[in-house]
Amino acid sequence: MNSTTTAPTALLEAEDVSARLLDSAAQLSYDPMEEVAWDEDLDPSLYGLNPEWSTLYGTDMWNEMTEDQRILLTRHEVCSIMSTGIWFEMILQQMVLRDQYCKDSSDSDFQFALTEIADECRHSIMFARACTKMGIKAYLPRKISRELGRGFKAIASAEAAYGGILVAEEVLDVMQRDWMRGENVLPLVRTTSKIHVVEESRHMTFARAQMRERIEGKSAGRRKASALVVAIAARIIVSNMVNKAVYVAAGLDADRAMKEAKNNAHHHMMMRTSSEHLMAFLHDCGLVTKPAEVIYKRLHML
């Protein structure tokens, strides 16, 4: 019997998906150095992200802020999110490269994995340059998160690794789809968001296919363990997206700002919106267990 007929369905589907993604990458990819108008002056009246995505939007503090403070805050917030993106993209690259180590280079999975790594390198440089253009230094994750990230990239594998990757990509994707359409958002942010959305859509498709392949036929115990690892990864990623220092940079009382952001019902709703497709997919894979659900609810992703 031909070996292809006995191969697991998810494995065949993943290979087919990767082949299509390679074709897509060949037809539609961007060079940020050419596509972004790096030399254009920044309009002082434009936000760094849609105000509705600010962690303080809708709070008493937001209502008390001047327009200049709101603009400055959103620029620091977007740079904090971009910095977190760079951090996790470096984790992602190492996990994907380790996953493909010494695998068959003729496989579409192998070739698209390297294509994704190349994309992520360009994205990280693009985000770094965008922050520099806005005159804002990188916001680093908390020390404990950096160490947890170091451990995650060293030991996470299979569906747990790709699940962590998907969490970071999906949440940012929904935000950036709004930013790229925001007429009151800096063109710099709109263009970099568009590039990231287009190319990350392929990465998310690849991650989903890899997760389905790796989880197929696995035990309930394996699913429970992976579900918890992915949820913990989500906790580390989401909790580091907006650094406390952004409030200081905007001239705000950082402790009060953190408290109002933590209790901001509007932002909680926006987070649930950005997580809808991700949560549906994780449910479909059997990767939303009771312990994982507790974590997601605390993050307002459910």
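Residues numbered from 1 in each chain as written. Predicted model: local features only at pLDDT ≥ 70, side-chain atom pairs only at ≥ 80, totals over all residues. Heavy atoms only, no water.

Student: Please clarify how the nonpolar core should be interpreted in this entry.
Tutor: Across soluble globular proteins, nonpolar side chains have a tendency to be buried as a group. By size, the foremost hydrophobic cluster in this structure holds 91 residues, and its most contacted members are Leu56, Met134, Leu282 and Met301. A per-element tally of this core places helix α5 (residues 67-99) first, with 13 residues. (Core = buried A, V, L, I, M, F, W, Y, C linked by side-chain atoms within 4.5 Å. Buried < 20%, exposed > 50% of the residue type's maximum accessible area, 1.4 Å probe, protein only. Helix = DSSP H or I, 4+ residues; strand = E, 2+ residues; numbered from the N terminus.)

Student: Explain the layout of surface pockets to me, please; I cannot follow it from the model alone.
Tutor: Any space left empty among the atoms is revealed by the rolling of a water-sized probe across them. Estimated volume of the largest pocket: approximately 890 Å³. Val238, Ser239, Val242, Ala261 and Lys262 are the residues nearest the centre of the largest pocket, which is lined by 34 residues in total. Elements with a minimum of two residues in the lining of the largest pocket: α5, α8 (158-179), α10 (220-239), α12 (254-262), α13 (265-284) and α14 (290-298). In terms of residue class, the lining of the largest pocket is made up of 18 nonpolar, 9 polar and 7 charged. Estimates place the volume of the second largest pocket at around 260 Å³. Residue lining of the second largest pocket: 14 residues in total, with Ile86, Trp87, Met90, Pro141 and Arg146 positioned closest to the centre. Elements that contribute at least two residues to the lining of the second largest pocket include exactly α5 and α7 (143-155). It is α5 that provides the largest number of residues to the lining of the second largest pocket, a total of 6 residues. For the lining of the second largest pocket, the class distribution of residues is 8 nonpolar, 3 polar and 3 charged. (1 Å grid on protein atoms, 1.4 Å probe; cavity = no way out; pocket = protein on both sides within 12 Å on 5 of 7 lines; lining within 4 Å. Points joined across faces, edges and corners; volume = space filled by probe spheres on them. Nonpolar A, V, L, I, M, F, W, Y, C, P; charged D, E, K, R; others polar.)

Such coordinate-based values are descriptive only and should not be taken to indicate function.
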